[in-house]
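Breakdown of the fold
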Amino acid sequence: MKVGFIGTGSMGSILIEALIQSGALEPEQVTAINRTPQKAQLLAAQYEGLHVASTIAEVIEHSHIVFLCVKPMEYKKVVDEIAQCDRPDLILVSITSPVLIEHLESQLKCKIAKIIPSITNYVWSGASIGMYGSRIQTEDRLLLEQLMMSISRPIQISEEYTRITSDLCSCGPAFISFFLEKWVEAAVEVTGIDKKEATRLACEMVHGTGKLLTEGGFTPEQLKQRVAVPGGITAEALRLLQNQLEGVFHQLIQVTHAKYEEDLEKVHHVFYGQEVNRPQY
C-alpha cells in the first residue's frame, strides 16, 4: 500500500511520523509534497526512503491513498490540480472539518473520505473521526480504519456531527492543557510550589485519569463520585467549579460552531461561488 500526503504542516507531519513510527507504514511507502519543499525534505532526511514529490500529479500517481492536509481556503486550488490526474480507484482523505464530502465529490471522480485526526495520535492514542463518501466501499473503509487503528481508535460518525466531535477529540487537548496551565499557575502563585514539579504532578494525574476512563471502566460521573467524598475537600472544590463554570461549556460549543459556520460559508463560496444556509448552534 502506497500512501501520499499533500501538505506536511503541523497535522500532516504528525500523521506521517506517527504512521511510520508505529510501524503501520514504512518510509518507502510514503510520498509527500509541501508548498515549502524544505518541510517535506526534512521529513525525508529523518525517515530514509520517504519520497518527496515535486508535483501533486506525482503524489497521485504513486499513491493508493492520499491524505489532503492543507488549510480550508487552499482546498479548491489543490482539488483543481488533483482533478487533472484523478482516477476512480484513488482514495482521497480530507482532514479538514469545514470542507464537506459533497464539496469534494462534486469536483472529483475518486473515492472521498474525511478523517479528523488529533494531536494525541502522535503517541498512538486518542480517537480519529471517520466519515465516508458515497463511493467508499466497505473494503475501502476497513482499509482506512486498519491504517488509523495503528495510531488511534477510529470512530465513524455522521458528517453533521463533524464540529462537535472535533471539539471533543481534536480541540480537547488544547482545552485540557489550558485548564492545567491556569491551575498550575495558580498553585505556584498561591503556595510557591516549584512550577516544574506542579506541572509534572498535574500531567501524571491527567495520564492516570485517562487510563481510568478508557481502561478502568469508569465513566466521568462515576470517577467524580468515587473521588469526591461527601463533605470532603474535593466535593467543596467541585461546588466552586459548578458555580463558576455554569454555562461556559455551552458558550464554548457556540463559539466553535460559529467559527465553523463562518469557515464553511467561505469554503462553499470558493467551491460553488455562492453562500449556503446551515443551521446555527
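Residues numbered from 1 in each chain as written. Predicted model: local features only at pLDDT ≥ 70, side-chain atom pairs only at ≥ 80, totals over all residues. Heavy atoms only, no water.

Tallied over the full model, the rule gives two aromatic pairs. Measuring from ring centre to ring centre gives 5.2 Å for Phe5 and Phe67, while their planes differ by 10 degrees; the resulting arrangement is stacked. Of this pair, Phe5 sits in strand S1 (residues 3-6) while Phe67 sits in strand S4 (residues 65-68), and the two are 62 residues apart along the sequence. Measuring from ring centre to ring centre gives 5.8 Å for Phe179 and Trp183, while their planes differ by 65 degrees; the resulting arrangement is edge-to-face. With Phe179 and Trp183 both in helix H7 (residues 162-191), this residue pair falls four residues apart, about one helical turn. Among the residues examined, Phe179 registers a relative accessible area of 41% and is labelled partly exposed. (Phe/Tyr/Trp six-rings, centres within 6.5 Å; stacked < 30°, edge-to-face > 60°. Helix = DSSP H or I, 4+ residues; strand = E, 2+ residues; numbered from the N terminus. Buried < 20%, exposed > 50% of the residue type's maximum accessible area, 1.4 Å probe, protein only.)

We now examine the pairing of strand S5 (residues 91-94). In S5, alternate side chains face the same way, and those of Ile91 and Val93 on one face and Leu92 and Ser94 on the other are all buried. Across four bridges, S4 lies against S5 in parallel orientation. Residue Phe67 lies in a different strand from S5, and its bridge partner there is Val93. Running through helix H4 (residues 75-83), the crossover from S4 to the neighbouring parallel element S5 is right-handed. For S5 and strand S6 (residues 111-116), the ladder comprises four bridges, and the chain directions are parallel. Bridging across to S6, Ile91 finds its partner in Lys111. (Pairing = 2+ DSSP bridges. Right-handed = clockwise from strand over helix to strand, strands pointing away.)

Bringing unusual backbone geometry into the picture now. Located in the positive-phi region is Trp124, a residue other than glycine, with phi close to 60 degrees. Summarising the element assignment, Trp124 is placed in the loop between S6 and strand S7 (127-132). The exposure class assigned to Trp124 is partly exposed, which follows from its relative accessible area of 45%.

Before going further, it helps to spend a moment on the pattern of salt bridges. Applying the stated criterion across every chain yields a total of 11 salt bridges. Glu145 serves as the salt-bridge partner of Arg141, at 3.2 Å between the closest nitrogen and oxygen. With Arg141 and Glu145 both in helix H6 (residues 138-149) and four residues apart, this pair spans about one turn of that helix. Its relative accessible area of 23% is what places Arg141 among the partly exposed residues. Note that Lys182 is salt-bridged to Glu185, the shortest N-O span being 3.7 Å. In this pair, Lys182 and Glu185 are both assigned in helix H7, three residues apart and thus about one turn of the helix distant. Glu185 sits in the partly exposed class, given a relative accessible area of 28%. (Salt bridge = Lys/Arg side-chain N within 4 Å of Asp/Glu carboxyl O.)

On to the nonpolar core. Ranked by internal contacts, the top residues of the largest apolar core, which has 28 residues, are Phe5, Leu15, Ile16, Leu50, Phe67, Val93 and Leu144. Counting only elements with at least two residues in this core, the list comes to S1, helix H1 (10-21), strand S2 (30-33), helix H2 (37-46), S4, S5, S6 and H6. Looking at this core element by element, the count peaks at five residues for H1. Of all hydrophobic cores here, the second largest spans 27 residues; its members include Ala53, Val99, Met131 and Phe271. (Core = buried A, V, L, I, M, F, W, Y, C linked by side-chain atoms within 4.5 Å.)

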